[in-house]
Amino acid sequence: IKLQSEMADIQIITGQTSEQLATNLSSVVSAAQDTGTTLGEATNVFEQALRAAGRYSTEAERMSKAQTLMRDSLVLSRIGNIEAAKALDTLTGALRQQGLEIDQASNLLDKWVVTSNRAKVSMGDLAESFAITAAQARSVGVNADQLNGVIGTLAEVTTLSSTEIGNLARTL
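Let me sum up the structure you'll find in this document. (Residues numbered from 1 in each chain as written. Predicted model: local features only at pLDDT ≥ 70, side-chain atom pairs only at ≥ 80, totals over all residues. Heavy atoms only, no water.)

### Points about helix 4 (residues 39-52)
Here helix 4 spans 20 Å end to end across 14 residues, near enough to the 20 Å set by a 1.5 Å rise per residue. Here helix 4 has its buried residues at A42, T43, V45, F46, E47, A49, L50 and A52. (Helix = DSSP H or I, 4+ residues; strand = E, 2+ residues; numbered from the N terminus. Expected span 1.5 Å × (residues − 1). Buried < 20%, exposed > 50% of the residue type's maximum accessible area, 1.4 Å probe, protein only.)

### Concerning the nonpolar core
Residues F46, M70, L76, L91, L108, W112 and F130 are the most contacted members of the largest nonpolar core, which totals 48 residues. Only helix 3 (26-35), helix 4, helix 5 (59-80), helix 6 (84-97), helix 7 (105-119), helix 8 (123-139), helix 9 (144-157) and helix 10 (162-171) provide two or more residues apiece to this core. Sort the elements by how many residues they give to this core and helix 8 lands first, with seven residues. Sequence-distant contacts of L91, defined by excluding residues within four places in its chain, comprise L69, D72, S73, L76, A105, L108, L109 and W112. (Core = buried A, V, L, I, M, F, W, Y, C linked by side-chain atoms within 4.5 Å. Contact = heavy atoms within 4.5 Å.)

### A short note on the packing of helix 3 against helix 5
A pair of packed helices is characterised by two quantities: the angle between their axes and the separation of those axes. Running from amino to carboxyl end, helix 3 crosses helix 5 at an angle of 15°, the nearest separation of the two axes being 10 Å. Looking at the two axes, helix 3 sits roughly parallel to helix 5. Considering the relative orientation of helix 3 and helix 5, their crossing is right-handed. For the pair formed by helix 3 and helix 5, the contact residues are S27, V28, S30, A31, D34 and T35 on the first element and Q67, M70, R71, L74, V75 and R78 on the second. In the contact of helix 3 with helix 5, the residues fall into five nonpolar, four polar and three charged. (Axes fitted to C-alpha atoms, helices over the stretch in contact; angles between N-to-C directions. Parallel < 35°, antiparallel > 145°, perpendicular 65-115°, else oblique. Left-handed = near helix turned anticlockwise from the far one by under 90°. Nonpolar A, V, L, I, M, F, W, Y, C, P; charged D, E, K, R; others polar.)

### Examining the packing of helix 5 against helix 6
Two numbers describe how helix 5 lies on helix 6: the axes approach to 8 Å, and their chain directions differ by 115°. When the interaxial angle is binned, helix 5 and helix 6 end up roughly perpendicular. Viewed along their axes, helix 5 and helix 6 form a crossing whose handedness is right-handed. Every residue of helix 6 that contacts helix 5 at L69, D72, S73, L74, L76 and S77 is listed here: A84, A87, L88, L91 and T92. Here the contact of helix 5 with helix 6 is built from residues that sort into seven nonpolar, three polar and one charged.

Here it is in C-alpha coordinates:
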(Lines give C-alpha, C1' and ligand atoms only; values in the text may rest on other atoms or scores of the structure.)
Protein backbone atom coordinates (compact mmCIF):
# COMPACT_ATOMS: atom_id res chain seq x y z
CA ILE A 1 0.00 0.00 0.00
CA LYS A 2 2.86 2.37 0.83
CA LEU A 3 4.45 1.70 -2.57
CA GLN A 4 1.14 2.42 -4.30
CA SER A 5 0.87 5.68 -2.38
CA GLU A 6 4.40 6.69 -3.42
CA MET A 7 3.61 5.80 -7.03
CA ALA A 8 0.49 7.98 -6.87
CA ASP A 9 2.57 10.83 -5.42
CA ILE A 10 5.07 10.48 -8.27
CA GLN A 11 2.25 10.53 -10.80
CA ILE A 12 0.90 13.73 -9.24
CA ILE A 13 4.34 15.37 -9.17
CA THR A 14 5.09 14.51 -12.79
CA GLY A 15 1.61 14.78 -14.25
CA GLN A 16 2.29 11.64 -16.25
CA THR A 17 -0.21 9.11 -17.44
CA SER A 18 -0.05 5.63 -15.95
CA GLU A 19 1.66 4.35 -19.10
CA GLN A 20 4.32 7.09 -19.04
CA LEU A 21 4.90 6.50 -15.35
CA ALA A 22 5.34 2.76 -15.86
CA THR A 23 7.93 3.40 -18.56
CA ASN A 24 9.92 5.84 -16.43
CA LEU A 25 9.73 3.72 -13.29
CA SER A 26 11.70 0.95 -14.94
CA SER A 27 14.77 3.00 -13.97
CA VAL A 28 13.67 2.83 -10.33
CA VAL A 29 13.42 -0.96 -10.48
CA SER A 30 16.82 -1.17 -12.17
CA ALA A 31 18.45 1.13 -9.60
CA ALA A 32 16.95 -0.85 -6.73
CA GLN A 33 18.27 -4.10 -8.18
CA ASP A 34 21.71 -2.66 -8.97
CA THR A 35 22.21 -1.21 -5.49
CA GLY A 36 20.54 -3.94 -3.45
CA THR A 37 17.88 -1.52 -2.25
CA THR A 38 14.25 -2.36 -1.72
CA LEU A 39 11.84 -1.14 -4.35
CA GLY A 40 9.96 0.84 -1.72
CA GLU A 41 13.10 2.66 -0.62
CA ALA A 42 14.15 3.36 -4.22
CA THR A 43 10.67 4.68 -5.03
CA ASN A 44 10.76 6.95 -1.99
CA VAL A 45 14.16 8.32 -3.00
CA PHE A 46 12.95 8.79 -6.58
CA GLU A 47 9.98 10.79 -5.34
CA GLN A 48 12.32 13.03 -3.34
CA ALA A 49 14.69 13.31 -6.30
CA LEU A 50 11.81 14.47 -8.50
CA ARG A 51 11.14 17.27 -6.04
CA ALA A 52 14.84 18.19 -6.01
CA ALA A 53 14.80 18.30 -9.81
CA GLY A 54 11.69 20.47 -9.91
CA ARG A 55 13.51 23.55 -11.15
CA TYR A 56 14.29 22.05 -14.54
CA SER A 57 11.94 23.31 -17.23
CA THR A 58 11.00 20.21 -19.21
CA GLU A 59 9.52 16.98 -17.98
CA ALA A 60 12.18 14.97 -19.80
CA GLU A 61 14.98 16.94 -18.15
CA ARG A 62 13.36 16.64 -14.70
CA MET A 63 12.95 12.89 -15.12
CA SER A 64 16.50 12.42 -16.36
CA LYS A 65 18.01 14.50 -13.53
CA ALA A 66 15.81 12.79 -10.93
CA GLN A 67 16.80 9.33 -12.18
CA THR A 68 20.49 10.27 -12.02
CA LEU A 69 20.14 11.76 -8.54
CA MET A 70 18.18 8.74 -7.32
CA ARG A 71 20.82 6.29 -8.55
CA ASP A 72 23.72 8.33 -7.14
CA SER A 73 21.93 8.70 -3.80
CA LEU A 74 21.33 4.95 -3.59
CA VAL A 75 25.01 4.35 -4.36
CA LEU A 76 26.05 6.79 -1.62
CA SER A 77 23.62 5.10 0.74
CA ARG A 78 25.19 1.70 0.11
CA ILE A 79 28.87 2.66 0.18
CA GLY A 80 28.40 5.30 2.89
CA ASN A 81 26.27 3.01 5.04
CA ILE A 82 23.66 5.73 5.53
CA GLU A 83 19.90 5.82 5.08
CA ALA A 84 18.90 6.44 1.45
CA ALA A 85 16.79 9.53 2.20
CA LYS A 86 19.67 11.04 4.18
CA ALA A 87 22.06 10.21 1.34
CA LEU A 88 19.83 12.11 -1.08
CA ASP A 89 19.57 15.11 1.25
CA THR A 90 23.32 15.13 1.88
CA LEU A 91 24.21 14.76 -1.79
CA THR A 92 21.69 17.38 -2.92
CA GLY A 93 22.91 19.84 -0.28
CA ALA A 94 26.55 19.31 -1.18
CA LEU A 95 25.85 19.81 -4.88
CA ARG A 96 23.84 22.98 -4.36
CA GLN A 97 26.35 24.46 -1.96
CA GLN A 98 29.17 23.87 -4.43
CA GLY A 99 27.10 25.28 -7.30
CA LEU A 100 27.03 21.92 -9.10
CA GLU A 101 24.20 20.42 -11.13
CA ILE A 102 22.40 17.24 -10.12
CA ASP A 103 23.99 15.29 -12.95
CA GLN A 104 27.45 16.08 -11.53
CA ALA A 105 26.79 13.95 -8.46
CA SER A 106 28.74 10.97 -9.77
CA ASN A 107 31.84 13.18 -10.16
CA LEU A 108 31.50 14.26 -6.55
CA LEU A 109 30.97 10.65 -5.45
CA ASP A 110 34.13 9.62 -7.30
CA LYS A 111 36.09 12.30 -5.45
CA TRP A 112 34.63 11.16 -2.14
CA VAL A 113 35.66 7.56 -2.86
CA VAL A 114 39.26 8.63 -3.50
CA THR A 115 39.36 10.79 -0.37
CA SER A 116 37.67 8.09 1.70
CA ASN A 117 40.23 5.50 0.64
CA ARG A 118 43.23 7.77 1.17
CA ALA A 119 42.14 9.25 4.49
CA LYS A 120 40.45 6.11 5.84
CA VAL A 121 37.25 8.05 6.54
CA SER A 122 33.83 6.59 5.83
CA MET A 123 31.93 7.87 2.82
CA GLY A 124 28.99 8.73 5.05
CA ASP A 125 31.12 10.84 7.38
CA LEU A 126 32.91 12.51 4.48
CA ALA A 127 29.64 13.33 2.73
CA GLU A 128 28.09 14.76 5.88
CA SER A 129 31.14 16.90 6.68
CA PHE A 130 31.28 18.09 3.08
CA ALA A 131 27.62 19.10 3.09
CA ILE A 132 28.14 21.10 6.27
CA THR A 133 31.15 23.02 4.94
CA ALA A 134 30.60 23.29 1.18
CA ALA A 135 28.85 26.68 1.08
CA GLN A 136 31.43 28.34 3.32
CA ALA A 137 34.28 26.75 1.38
CA ARG A 138 32.89 27.91 -1.94
CA SER A 139 32.46 31.46 -0.64
CA VAL A 140 36.20 31.67 0.14
CA GLY A 141 37.31 30.01 -3.10
CA VAL A 142 37.98 26.49 -1.83
CA ASN A 143 37.04 23.91 -4.47
CA ALA A 144 35.67 20.41 -3.87
CA ASP A 145 39.07 18.73 -4.12
CA GLN A 146 40.62 21.10 -1.60
CA LEU A 147 37.67 20.72 0.75
CA ASN A 148 37.89 16.94 0.54
CA GLY A 149 41.57 17.20 1.45
CA VAL A 150 40.84 19.36 4.50
CA ILE A 151 38.06 17.06 5.69
CA GLY A 152 40.14 13.92 5.02
CA THR A 153 43.09 15.34 6.96
CA LEU A 154 40.93 16.36 9.91
CA ALA A 155 39.27 12.94 9.95
CA GLU A 156 42.65 11.21 9.90
CA VAL A 157 44.24 13.17 12.73
CA THR A 158 41.29 13.67 15.08
CA THR A 159 38.59 11.60 16.73
CA LEU A 160 35.88 14.15 15.98
CA SER A 161 32.48 13.20 14.58
CA SER A 162 31.56 14.11 11.02
CA THR A 163 29.45 17.01 12.29
CA GLU A 164 32.30 18.27 14.44
CA ILE A 165 34.75 17.95 11.54
CA GLY A 166 32.37 19.84 9.28
CA ASN A 167 31.95 22.62 11.81
CA LEU A 168 35.70 22.78 12.46
CA ALA A 169 36.49 22.91 8.74
CA ARG A 170 33.93 25.65 8.29
CA THR A 171 35.81 27.85 10.77
CA LEU A 172 39.23 27.40 9.13
